[in-house]
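# Architecture at a glance
Chain by chain, the residues run as shown.
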Amino acid sequence: MPGVDERIALVTGASRGIGRATAELLASRGAKVMCAARSEQALADTGLDYVVADLGTAEGCEQAIRETENRLGPLDVLVCNHGIGSALERVIWEQDPKLWDETISINLSGPFHLSRLAVRGMVERGFGRLVYTSSVSGLVAEPTGSAYNSSKAGLLGLMRSVALDAGPHGVTANAVLPGWVRTEMAERSAEQEAKERNITTEKVWEERAALYPAGRVPTMQEVAEAIAFLASDESSGISGEAIRVSLGSVW
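Residues numbered from 1 in each chain as written. Predicted model: local features only at pLDDT ≥ 70, side-chain atom pairs only at ≥ 80, totals over all residues. Heavy atoms only, no water.

### Section: the packing of helix α6 (residues 184-197) against helix α7 (residues 201-209)
Quick reminder of the rule: The angle between two axes is taken between their N-to-C directions and runs from 0 to 180 degrees, where each axis is a line fitted to C-alpha atoms and a helix contributes only its stretch in contact. Counting from the N terminus, the helices are DSSP H or I runs at least four residues long and the strands are E runs at least two residues long. Between 65 and 115 degrees an angle is taken as roughly perpendicular, under 35 as roughly parallel, over 145 as roughly antiparallel, and anywhere else as oblique. Definitions for this section: a left-handed crossing has its near helix turned counterclockwise from the far helix by less than a right angle. A right-handed crossing has that turn clockwise. Residue contacts are defined here by distance: any two heavy atoms, one from each residue, within 4.5 Å place the two residues in contact.
Look at α6 against α7: their axes get within 8 Å of each other, and the N-to-C directions meet at 110 degrees. Classified by the angle their axes make, α6 and α7 are roughly perpendicular. Crossing of α6 against α7: the hand is right-handed. Contact residues: α6 offers A186, E187, S189, A190, E191, E193, A194 and R197, while α7 offers T201, V204, W205, E207 and R208.

The following block contains the structure:
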(Lines give C-alpha, C1' and ligand atoms only; values in the text may rest on other atoms or scores of the structure.)
Protein backbone atom coordinates (compact mmCIF):
# COMPACT_ATOMS: atom_id res chain seq x y z
CA MET A 1 0.00 0.00 0.00
CA PRO A 2 1.46 3.43 -0.93
CA GLY A 3 2.93 5.14 2.11
CA VAL A 4 1.11 8.31 3.15
CA ASP A 5 0.74 7.52 6.86
CA GLU A 6 0.87 10.70 8.98
CA ARG A 7 1.54 12.83 5.90
CA ILE A 8 -0.38 16.11 5.87
CA ALA A 9 -2.32 16.55 2.65
CA LEU A 10 -4.46 19.30 1.17
CA VAL A 11 -6.89 18.09 -1.48
CA THR A 12 -8.75 20.73 -3.45
CA GLY A 13 -12.09 20.17 -5.11
CA ALA A 14 -12.64 17.56 -2.42
CA SER A 15 -16.36 18.04 -1.86
CA ARG A 16 -17.30 15.60 -4.64
CA GLY A 17 -16.05 13.49 -7.51
CA ILE A 18 -12.39 12.61 -7.94
CA GLY A 19 -11.33 15.01 -5.20
CA ARG A 20 -13.58 13.44 -2.60
CA ALA A 21 -12.56 9.93 -3.63
CA THR A 22 -8.91 10.97 -3.29
CA ALA A 23 -9.36 12.65 0.08
CA GLU A 24 -11.17 9.62 1.48
CA LEU A 25 -8.56 7.23 0.09
CA LEU A 26 -5.63 9.19 1.53
CA ALA A 27 -7.37 9.44 4.90
CA SER A 28 -8.05 5.69 4.90
CA ARG A 29 -4.31 5.14 4.48
CA GLY A 30 -3.36 7.28 7.44
CA ALA A 31 -2.86 10.74 5.96
CA LYS A 32 -4.10 13.82 7.79
CA VAL A 33 -6.30 15.36 5.12
CA MET A 34 -7.69 18.84 4.68
CA CYS A 35 -10.45 19.15 2.08
CA ALA A 36 -10.98 22.44 0.26
CA ALA A 37 -13.83 23.60 -1.97
CA ARG A 38 -16.56 26.23 -2.11
CA SER A 39 -19.52 24.14 -0.87
CA GLU A 40 -19.54 23.90 2.93
CA GLN A 41 -22.38 21.39 3.14
CA ALA A 42 -20.71 19.01 0.67
CA LEU A 43 -17.41 19.39 2.50
CA ALA A 44 -19.03 18.70 5.85
CA ASP A 45 -20.50 15.51 4.42
CA THR A 46 -16.99 14.09 3.89
CA GLY A 47 -16.47 13.80 7.64
CA LEU A 48 -12.91 15.11 7.18
CA ASP A 49 -11.27 18.40 8.11
CA TYR A 50 -12.20 21.07 5.63
CA VAL A 51 -11.82 24.69 4.66
CA VAL A 52 -14.30 26.64 2.55
CA ALA A 53 -12.35 28.71 0.05
CA ASP A 54 -12.64 30.18 -3.44
CA LEU A 55 -9.66 28.55 -5.14
CA GLY A 56 -10.04 30.73 -8.20
CA THR A 57 -8.56 33.62 -6.24
CA ALA A 58 -5.15 34.23 -4.71
CA GLU A 59 -6.81 35.06 -1.39
CA GLY A 60 -8.76 31.80 -1.34
CA CYS A 61 -5.63 29.80 -2.08
CA GLU A 62 -3.75 31.56 0.70
CA GLN A 63 -6.62 30.77 3.06
CA ALA A 64 -6.58 27.08 2.15
CA ILE A 65 -2.83 26.74 2.72
CA ARG A 66 -2.90 28.79 5.93
CA GLU A 67 -5.81 26.87 7.44
CA THR A 68 -4.19 23.53 6.60
CA GLU A 69 -0.87 24.37 8.18
CA ASN A 70 -2.38 26.11 11.21
CA ARG A 71 -4.71 23.21 11.99
CA LEU A 72 -2.80 20.14 10.81
CA GLY A 73 0.85 21.17 10.46
CA PRO A 74 3.42 21.64 7.69
CA LEU A 75 2.10 20.50 4.32
CA ASP A 76 3.58 17.35 2.75
CA VAL A 77 1.14 16.69 -0.08
CA LEU A 78 -0.78 19.07 -2.32
CA VAL A 79 -3.41 17.62 -4.65
CA CYS A 80 -4.67 20.32 -7.02
CA ASN A 81 -7.89 18.74 -8.22
CA HIS A 82 -10.45 21.55 -8.30
CA GLY A 83 -11.71 22.83 -11.62
CA ILE A 84 -14.64 23.73 -13.81
CA GLY A 85 -15.64 22.06 -17.05
CA SER A 86 -16.48 23.00 -20.61
CA ALA A 87 -20.22 22.37 -20.90
CA LEU A 88 -20.99 26.01 -21.69
CA GLU A 89 -18.10 26.65 -24.07
CA ARG A 90 -18.58 27.52 -27.73
CA VAL A 91 -16.43 27.56 -30.85
CA ILE A 92 -13.59 30.03 -30.51
CA TRP A 93 -15.23 32.84 -32.49
CA GLU A 94 -18.29 32.68 -30.23
CA GLN A 95 -16.43 32.06 -26.97
CA ASP A 96 -17.39 34.29 -24.04
CA PRO A 97 -14.25 36.04 -22.72
CA LYS A 98 -15.75 35.97 -19.22
CA LEU A 99 -15.97 32.17 -19.37
CA TRP A 100 -12.34 32.06 -20.55
CA ASP A 101 -11.21 34.25 -17.65
CA GLU A 102 -13.15 32.21 -15.09
CA THR A 103 -11.84 28.90 -16.41
CA ILE A 104 -8.21 30.03 -16.43
CA SER A 105 -8.54 31.58 -12.96
CA ILE A 106 -9.93 28.41 -11.40
CA ASN A 107 -8.19 25.68 -13.40
CA LEU A 108 -4.73 27.22 -13.80
CA SER A 109 -4.16 30.36 -11.73
CA GLY A 110 -5.50 28.69 -8.59
CA PRO A 111 -3.04 25.77 -8.85
CA PHE A 112 -0.24 28.29 -9.47
CA HIS A 113 -1.02 30.20 -6.28
CA LEU A 114 -1.39 27.01 -4.26
CA SER A 115 1.90 25.64 -5.60
CA ARG A 116 3.75 28.89 -5.00
CA LEU A 117 2.61 28.96 -1.40
CA ALA A 118 3.10 25.26 -0.64
CA VAL A 119 6.42 24.50 -2.29
CA ARG A 120 8.64 26.86 -0.30
CA GLY A 121 8.05 24.94 2.93
CA MET A 122 8.42 21.60 1.17
CA VAL A 123 11.79 22.69 -0.21
CA GLU A 124 12.93 23.83 3.23
CA ARG A 125 11.90 20.51 4.78
CA GLY A 126 13.32 18.39 1.93
CA PHE A 127 10.10 16.56 1.06
CA GLY A 128 6.96 17.22 -0.93
CA ARG A 129 4.46 15.70 -3.32
CA LEU A 130 2.37 17.74 -5.73
CA VAL A 131 -0.23 16.06 -7.90
CA TYR A 132 -2.35 17.93 -10.44
CA THR A 133 -5.57 16.65 -11.97
CA SER A 134 -5.26 17.67 -15.59
CA SER A 135 -7.13 15.87 -18.38
CA VAL A 136 -6.50 14.04 -21.61
CA SER A 137 -7.84 17.30 -23.07
CA GLY A 138 -4.54 18.82 -22.02
CA LEU A 139 -2.91 16.63 -24.67
CA VAL A 140 -5.69 16.00 -27.20
CA ALA A 141 -8.00 18.99 -27.54
CA GLU A 142 -11.75 18.53 -27.63
CA PRO A 143 -13.93 20.66 -29.94
CA THR A 144 -15.54 23.81 -28.53
CA GLY A 145 -13.26 23.74 -25.53
CA SER A 146 -10.62 26.42 -25.93
CA ALA A 147 -10.73 27.53 -22.29
CA TYR A 148 -10.76 24.04 -20.77
CA ASN A 149 -8.19 22.66 -23.22
CA SER A 150 -5.84 25.57 -22.60
CA SER A 151 -6.21 25.46 -18.83
CA LYS A 152 -5.48 21.74 -18.67
CA ALA A 153 -2.51 22.03 -21.04
CA GLY A 154 -1.21 24.93 -18.98
CA LEU A 155 -1.49 22.82 -15.85
CA LEU A 156 1.00 20.38 -17.39
CA GLY A 157 3.43 23.22 -17.96
CA LEU A 158 3.02 24.34 -14.37
CA MET A 159 3.58 20.80 -13.12
CA ARG A 160 6.77 20.39 -15.13
CA SER A 161 8.07 23.76 -13.93
CA VAL A 162 7.51 22.77 -10.30
CA ALA A 163 9.21 19.43 -10.93
CA LEU A 164 12.30 21.19 -12.30
CA ASP A 165 12.44 23.98 -9.73
CA ALA A 166 11.80 21.87 -6.65
CA GLY A 167 13.26 18.57 -7.78
CA PRO A 168 16.71 19.16 -6.25
CA HIS A 169 15.04 19.46 -2.84
CA GLY A 170 13.17 16.18 -2.50
CA VAL A 171 9.94 17.46 -4.04
CA THR A 172 8.13 15.75 -6.91
CA ALA A 173 5.36 17.06 -9.13
CA ASN A 174 3.20 14.97 -11.45
CA ALA A 175 -0.18 15.04 -13.11
CA VAL A 176 -2.93 12.53 -13.73
CA LEU A 177 -4.91 12.87 -16.94
CA PRO A 178 -8.31 11.23 -16.59
CA GLY A 179 -10.42 10.40 -19.59
CA TRP A 180 -14.19 10.60 -19.30
CA VAL A 181 -15.13 9.89 -15.69
CA ARG A 182 -18.72 9.98 -14.56
CA THR A 183 -18.43 12.92 -12.18
CA GLU A 184 -21.05 15.62 -11.65
CA MET A 185 -19.09 17.94 -13.93
CA ALA A 186 -18.95 15.35 -16.71
CA GLU A 187 -22.65 14.61 -16.22
CA ARG A 188 -23.43 18.25 -16.93
CA SER A 189 -21.47 18.14 -20.16
CA ALA A 190 -23.25 14.93 -21.15
CA GLU A 191 -26.63 16.53 -20.46
CA GLN A 192 -25.69 19.57 -22.55
CA GLU A 193 -24.46 17.38 -25.42
CA ALA A 194 -27.60 15.24 -25.24
CA LYS A 195 -29.79 18.32 -25.45
CA GLU A 196 -27.90 19.73 -28.43
CA ARG A 197 -28.01 16.41 -30.31
CA ASN A 198 -31.55 15.46 -29.25
CA ILE A 199 -30.44 12.13 -27.75
CA THR A 200 -30.47 10.72 -24.23
CA THR A 201 -27.74 11.34 -21.69
CA GLU A 202 -27.26 7.59 -21.41
CA LYS A 203 -26.61 7.45 -25.17
CA VAL A 204 -23.87 10.04 -24.73
CA TRP A 205 -22.26 7.90 -22.03
CA GLU A 206 -22.53 4.81 -24.21
CA GLU A 207 -20.66 6.63 -26.95
CA ARG A 208 -18.03 7.81 -24.49
CA ALA A 209 -17.58 4.27 -23.14
CA ALA A 210 -17.07 3.02 -26.71
CA LEU A 211 -13.92 5.16 -26.95
CA TYR A 212 -12.16 2.83 -24.49
CA PRO A 213 -10.80 -0.66 -25.20
CA ALA A 214 -12.43 -1.85 -21.97
CA GLY A 215 -15.85 -0.68 -23.16
CA ARG A 216 -16.33 1.53 -20.12
CA VAL A 217 -15.13 4.84 -18.78
CA PRO A 218 -12.57 5.02 -15.97
CA THR A 219 -13.93 5.33 -12.43
CA MET A 220 -13.29 8.00 -9.84
CA GLN A 221 -11.66 5.38 -7.62
CA GLU A 222 -9.21 4.40 -10.36
CA VAL A 223 -8.11 8.01 -10.72
CA ALA A 224 -7.87 8.40 -6.94
CA GLU A 225 -5.61 5.35 -6.72
CA ALA A 226 -3.21 6.89 -9.24
CA ILE A 227 -3.17 10.16 -7.32
CA ALA A 228 -2.59 8.37 -4.02
CA PHE A 229 0.43 6.56 -5.44
CA LEU A 230 1.94 9.77 -6.79
CA ALA A 231 1.36 11.34 -3.35
CA SER A 232 3.18 8.51 -1.58
CA ASP A 233 6.74 8.09 -0.36
CA GLU A 234 7.23 5.25 -2.85
CA SER A 235 6.72 7.51 -5.88
CA SER A 236 10.03 9.31 -5.29
CA GLY A 237 11.44 8.20 -8.66
CA ILE A 238 8.61 9.77 -10.67
CA SER A 239 8.48 13.50 -11.35
CA GLY A 240 7.46 15.73 -14.22
CA GLU A 241 5.18 13.04 -15.63
CA ALA A 242 1.70 13.30 -17.12
CA ILE A 243 0.04 9.94 -16.53
CA ARG A 244 -3.14 9.07 -18.37
CA VAL A 245 -5.85 7.22 -16.49
CA SER A 246 -7.85 6.35 -19.56
CA LEU A 247 -7.86 2.59 -20.01
CA GLY A 248 -5.48 2.66 -22.96
CA SER A 249 -7.41 5.21 -25.02
CA VAL A 250 -6.36 8.74 -25.97
CA TRP A 251 -9.64 9.71 -24.32
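That was the structure; now back to the text.
### Describing the side chain of S137
Within the secondary structure, S137 sits in the loop between β5 (128-133) and α5 (146-166). Dropping the residues within four chain positions of it, S137 is found in contact with E142, Y148, N149 and W251.

### Let's talk about helix α4 (residues 97-125)
Defined as follows: Multiplying one less than the number of residues by 1.5 Å gives the expected span of a helix. Two axes enter the bend calculation: one fitted to the seven residues ending at the residue in question, the other to the seven starting there, and the bend is the angle between them. Polar contacts here mean pairs of N or O atoms no more than 3.5 Å apart (in protein, one a potential hydrogen donor and the other a potential acceptor; neighbouring residues in sequence count only if both atoms are side-chain atoms).
Compared with an ideal rise of 1.5 Å per residue, which puts 29 residues at 42 Å, α4 spans 41 Å between its outermost C-alpha atoms and is within 8% of the ideal. Of all the bends found along α4, the most pronounced is centred on S105 and spans about 40 degrees. Here α4 starts with a cap whose side-chain oxygen sits 2.9 Å from the backbone nitrogen of K98, and that cap is D96. Where α4 ends, the next residue or the one after it, G126, has phi of about 80 degrees, a positive value.

### Examining unusual backbone geometry
The following threshold applies: Burial classes follow relative accessibility: with a 1.4 Å probe on protein chains only, a residue under 20% of its type's maximum area counts as buried, one over 50% as exposed, and anything between as partly exposed.
Non-glycine residue N198 carries a positive phi angle of around 60 degrees. With respect to the secondary-structure elements, N198 resides in the loop between α6 and α7. On the basis of relative accessibility, which here comes to 72%, the residue N198 falls in the exposed class.

### Re the pairing of strand β6 (residues 171-178)
Put simply, the rule is: We call two strands paired when DSSP finds no fewer than two bridges between them. Think of it like this: strands point away, you trace from the first strand over the helix to the second, and a clockwise trace means the crossover is right-handed.
When you tally the buried positions in β6, you get 8 out of 8 residues, the bulk of the element. Going residue by residue along β6, you find V171, A173, A175 and L177 tucked away on one face and T172, N174, V176 and P178 tucked away on the opposite face as well. Of the pairings in the sheet, the one linking β5 to β6 comprises 6 bridges and is parallel in character. Bridging from a neighbouring strand, G128 pairs with V171 of β6. One crossover worth recording links β5 to the parallel β6 by way of α5, and it is right-handed. Examined bridge by bridge, β6 and strand β7 (residues 242-245) share 4 bridges and lie parallel to one another. Bridge pairing in β7 links P178 to V245.

### Some details on the pattern of salt bridges
Keep this limit in mind: The working definition used for a salt bridge is a side-chain nitrogen of Lys or Arg within 4 Å of a carboxyl oxygen of Asp or Glu.
The tally for this structure, following the rule as stated, stands at 14 salt bridges. Linking E6 and K32 is a salt bridge whose minimum nitrogen-to-oxygen distance equals 3.4 Å. Taken as a pair, E6 in the segment before β1 (8-12) and K32 in strand β2 (residues 32-37) lie far apart in primary sequence, 26 residues in all. Salt-bridge contacts for E184 lead to R16; the nearest nitrogen and oxygen are separated by 3.2 Å. One end of the pair, E184, is in helix α6; the other, R16, is in the loop between β1 and α1 (17-28), with 168 residues separating them in the sequence. Judged by relative accessible area, E184 falls into the partly exposed class, the value being 45%. Of the residues examined, R16 reaches a relative accessible area of 37% and is grouped as partly exposed. Salt bridges linked by common partners bring E193, R197, E207 and R208 together as one network.

### Let's talk about the sheet that holds β6
Strand order in this open sheet of 7 strands is β3-β2-β1-β4-β5-β6-β7, and the pairing throughout is parallel. Of all the strands in the sheet, the pair left with one neighbour each is β3 (49-52) and β7. Ignoring which end each strand starts from, the neighbouring axes of this sheet average 20 degrees apart. Note that β2 and β3 share 4 bridges and pair parallel. Following the sheet pairing, A37 is matched in β3 by V52.

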